[in-house]
Amino acid sequence: MVLAVVVGCFIAGIVLMLFSFSLIGSMAAIGSTTAPIPSDCVLNVDMSQFELGEQTIDDPFSSVQSIMKRQESAPVLGIYDAILALEHAATDPAVKFVYLKTDGARGGLAEVEEFRKALCTFRESGKPVFAFVESPTNGSYYLASAADKIYMSNYLGSICGMVGLSSQMFFLKDALDMLGVNMQLIRHGKFKSAGEMYIKNEISPENRMQSQEMVDAMWAGLAETMASARGLSTEQFNALIDGLALNCPEDFLRNGLVDELLTKEELNAKIAGLAGKEEIKDVKAASLLDYAAAYSKPNIGAKNGKIAVIYADGQIIDGNETKGVAGDRFAGIISKVRKDESVKAVVLRVSSPGGSVLAAEKIKTELDLLGEEKPLIASYGNYAASGGYWISTNCRHIFSNASTLTGSIGVFSMIPDFSKTAKNLLHVGVTTITSNKHSDLYSSMKPLDQEETAYMQASVEAIYDRFTTIVSEGRSLSKDYVDSVAQGRVWAGSTALGISLVDEIGTIEDAIMMAASLAEDSETPDLGKWEIASYPKPLSMIEQLMMQINGTGGEENVLAGTPFGKMGAVLRKIGGESVGKAYAMMPYIYDIK
């Protein structure tokens, strides 16, 4: 009887599991069905319906998760797929024009910058772009400014977020002192402010200077682009922003930032008229997501072979994790790409703030081997800083976006001391038994002595020397010059171009075109003859399901979306596996708004 019950439960469990797989798969399929593309249509680009990212993430469970978590979940559209979709639409006789709704735009500044360029290229085909904004922000209006005409809601109550760029930093020394935590920071570079948040109550002069110059450079590019698109000087545009002159919709119309104010009914009539229809119900539309799914194809089995695009997207970490840029996993991927004879050239797409030095070294070693055999071009996304810059220094040519944050050539290591926390706050006595004089170096339960501090500093200095050396060799610059622009300093891509850290301001497509040009030995390559293969390969449906079952997505932060949520993310990094590790990483993940 016991055996029968056990077997019965086992069978029931299998049936239940299969039923769950089927149910979730069915629900996912319902949420991910691609609609057919109508003829004689308008391409509807609603930025609130997707997030611009590095790679398209075909998550069949996003609709299920959205229901279960009772929150909005948007699919991720890869920037290159978005660019390809707009390029196809430009020559597609079925597409009349682009209707661009920019409210709720999501994605990093670099992806937004590349998407705007693609919209401008679409316009050059002779087809128009019409934009509608309701609550303009820096990013949403930046996109809208690419349009032939900008329409705006005439309703009051919308919030204008066009007030310039800003970023917040938190300094935790007082909070940590209250907890009895002594953060012991070892670093090289007067601008290497990673860890500064733990040991100071306010920003250092060097950090303030680099952060201010970085934000100014990023805003200068955005402001100049938006102003020029509307026939204003940058000075006039900044005067409107600084004077808080853009409040009501009438302010935008009066100052020439929009072309017309419309009610919803008037907007529908306008779109119908532009489409040559009498009523909006007669207008056929295709969403950018559906259009990209239909026409952004990798051209499998193309005549010339493959151009590989390796996406180093996320923090550089040790191991074989599927999330982030895991050193062992990426080293293996790069090795396979190098050995694949069908791959004729490679683009390294970097959108990483850096991370583990060990992992970066493993990745760079494999990239160097690859670069000896095949053309290797770098393309920078939102970040290509510290470890993200480290891995790409030997690429033949580096494309960066103007808004990319790069550089941060510096190193740091950090060991917290919780001895006072244990004694004074928790009233816990700790006794450590050691075999050697410094066996408890990484215990986090003692302050470092002079020998230990010198030991850690020597390691940091050796890594910094290695970092400046590979930049010097990869960029053909003197080591002294590299040191002068290094010291942990973060640069905007537009500035990095002037100091020779990058070669050109350009998009991921520019990088792919150069890679194809080198592979074909032609100045005008035909991308139609190439398969654009992406690495790492997107997770399969089963792999995604197993990640959801295993809960590898991580716990949600109840303070997410608030300034204190950022503090929590910072505090969670103290201690744990990071103790004593050397990091080539940006000082902060700058959340520019």
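A brief report on the enclosed structure follows. (Residues numbered from 1 in each chain as written. Predicted model: local features only at pLDDT ≥ 70, side-chain atom pairs only at ≥ 80, totals over all residues. Heavy atoms only, no water.)

### Topic: unusual backbone geometry
- Cis geometry marks the peptide bond from Y535 to P536, where omega comes out at -5 degrees.
- Here P536 shows up in the loop between β21 (531–535) and α21 (541–550).
- Of note in this structure, S408 is not a glycine but carries a positive phi near 55 degrees.
- Here S408 is to be found in the loop between β17 (405–407) and β18 (411–417).
- Owing to a relative accessible area of 0%, S408 belongs among the buried residues under this scheme.
- A positive phi angle is found at S476, which is not glycine, with a value near 55 degrees.
- Looking at where S476 falls in the secondary structure, it is placed in the loop between α17 (450–475) and α18 (479–485). (Helix = DSSP H or I, 4+ residues; strand = E, 2+ residues; numbered from the N terminus. Buried < 20%, exposed > 50% of the residue type's maximum accessible area, 1.4 Å probe, protein only.)

### Let's talk about the pattern of salt bridges
- Scanning the entire structure with this criterion turns up 22 salt bridges.
- We note a salt bridge from K281 to D282, for which the minimum N-O separation is 3.5 Å.
- The exposure class of K281 is exposed, given its relative accessible area of 61%.
- D282 gets classed as partly exposed once you look at its relative accessible area, which sits at 34%.
- The salt bridge involving D503 is made with R475; its shortest N-O contact spans 2.9 Å. (Salt bridge = Lys/Arg side-chain N within 4 Å of Asp/Glu carboxyl O.)

### A few points about empty space enclosed by the protein
- Applying the stated criterion across every chain yields a total of 1 cavity of 30 Å³ or more.
- Volume-wise, the largest cavity comes out at about 40 Å³.
- Around the largest cavity, the lining residues are D40, C41, V42, K96, A275, K277, V283 and K284.
- Among the residues forming the lining of the largest cavity, the class breakdown is 4 nonpolar, no polar and 4 charged. (1 Å grid on protein atoms, 1.4 Å probe; cavity = no way out; pocket = protein on both sides within 12 Å on 5 of 7 lines; lining within 4 Å. Points joined across faces, edges and corners; volume = space filled by probe spheres on them. Nonpolar A, V, L, I, M, F, W, Y, C, P; charged D, E, K, R; others polar.)

### With respect to the environment of R123
- Structurally, R123 is set in helix α4 (residues 109–124).
- Assessed through its relative accessible area of 33%, R123 is described here as partly exposed.

### Section: a nonpolar patch on the surface
- A contiguous nonpolar patch, built from M178, L179, L425, L426, V428 and V430 and spanning about 580 Å² of accessible area, is present on the exposed surface.
- Along the chain, M178 turns up in helix α6 (residues 173–179). (Patch = residues over 30% accessible without salt bridge, like charges linked within 9 Å, V, L, I, M, F, W, Y side chains within 5 Å. Areas by Shrake-Rupley, 256 points an atom, 1.4 Å probe, with all protein chains shown as cover.)

### Observations concerning the side chain of S472
- Along the chain, the position of S472 falls in helix α17.
- At 2.5 Å, the side chain of S472 forms a polar contact with the backbone oxygen of L477.
- With sequence-adjacent residues up to four places away left out, S472 is seen in contact with L477, S478, K479 and V482. (Polar contact = N/O pair within 3.5 Å; in protein donor to acceptor, adjacent residues only side chain to side chain. Contact = heavy atoms within 4.5 Å.)

### So, the sheet that holds strand β4 (residues 95–101)
- Taken together, 6 strands build an open sheet; the order of strands is β8-β6-β5-β4-β1-β9 and the sheet is parallel. Looking at the sheet topology across the chains shown, the edges are occupied by β8 (260–262) and β9 (285–287). When strand polarity is set aside, the average angle formed by the axes of neighbouring strands in this sheet is 30 degrees.
- With 5 bridges connecting them, strand β1 (residues 41–46) and β4 associate as parallel partners. Of the residues in β4, the one forming a bridge with V45 is L100. (Pairing = 2+ DSSP bridges. Axes fitted to C-alpha atoms, helices over the stretch in contact; angles between N-to-C directions.)

### Brief notes about α17
- Helix length check: α17 (26 residues) gives 37 Å between terminal C-alpha atoms against 38 Å at 1.5 Å per residue, within 8%.
- N-capping of α17 is provided by D449, with a side-chain oxygen placed 3.1 Å from the backbone N of E451.
- Two residues or fewer after α17 comes S476, characterised by a positive phi angle close to 55 degrees. (Expected span 1.5 Å × (residues − 1).)

### Describing the packing of aromatic side chains
- Applying the stated criterion to the full structure yields 6 aromatic pairs.
- A ring pair is formed by F97 and F130, whose centres lie 5.2 Å apart and whose planes are at 80 degrees; its orientation type is edge-to-face. Linking F97 in strand β4 with F130 in strand β5 (residues 129–133), this pair joins segments that are 33 residues apart in sequence. Each member of the pair, F97 as well as F130, is classed as buried.
- Between Y291 and Y295 the ring centres are 4.6 Å apart and the planes differ by 50 degrees, which places this aromatic pair in the tilted class. Of the two residues, Y291 and Y295 are both situated in helix α12 (residues 288–295); the distance of 4 residues between them amounts to about one turn of the helix.
- Under the relative-accessibility criterion, Y291 is labelled buried at 0%.
- Residue classification places Y295 among the partly exposed residues on the basis of a relative accessible area of 33%.
- An aromatic cluster of three or more residues is present, and its members are F97, F130 and Y151.
- Over the ring of Y142 we find R116; its NZ or CZ atom is 5.3 Å from the centre of that ring.
- The positively charged end of K537 is found above the aromatic ring belonging to Y535, 4.5 Å away from the centroid. (Phe/Tyr/Trp six-rings, centres within 6.5 Å; stacked < 30°, edge-to-face > 60°. Lys NZ or Arg CZ within 6 Å of the ring centre and 35° of its normal.)

### Quick notes on the pairing of strand β15 (residues 376–385)
- Most of β15 sits out of view: 10 of its 10 residues are buried.
- Summarising the sheet, strand β13 (residues 343–352) and β15 pair through 6 bridges and their orientation is parallel. Its bridge partner being in β15, S352 is matched across the sheet by A384.
- Relative to strand β16 (residues 397–400), β15 is paired through 3 bridges, and the arrangement is parallel. Looking across to β16, one finds that I377 is bridged to H397.
- Sheet topology places β15 next to β17; 3 bridges connect them, and they run parallel. Paired with Y383 across the strands is L405, a residue of β17.

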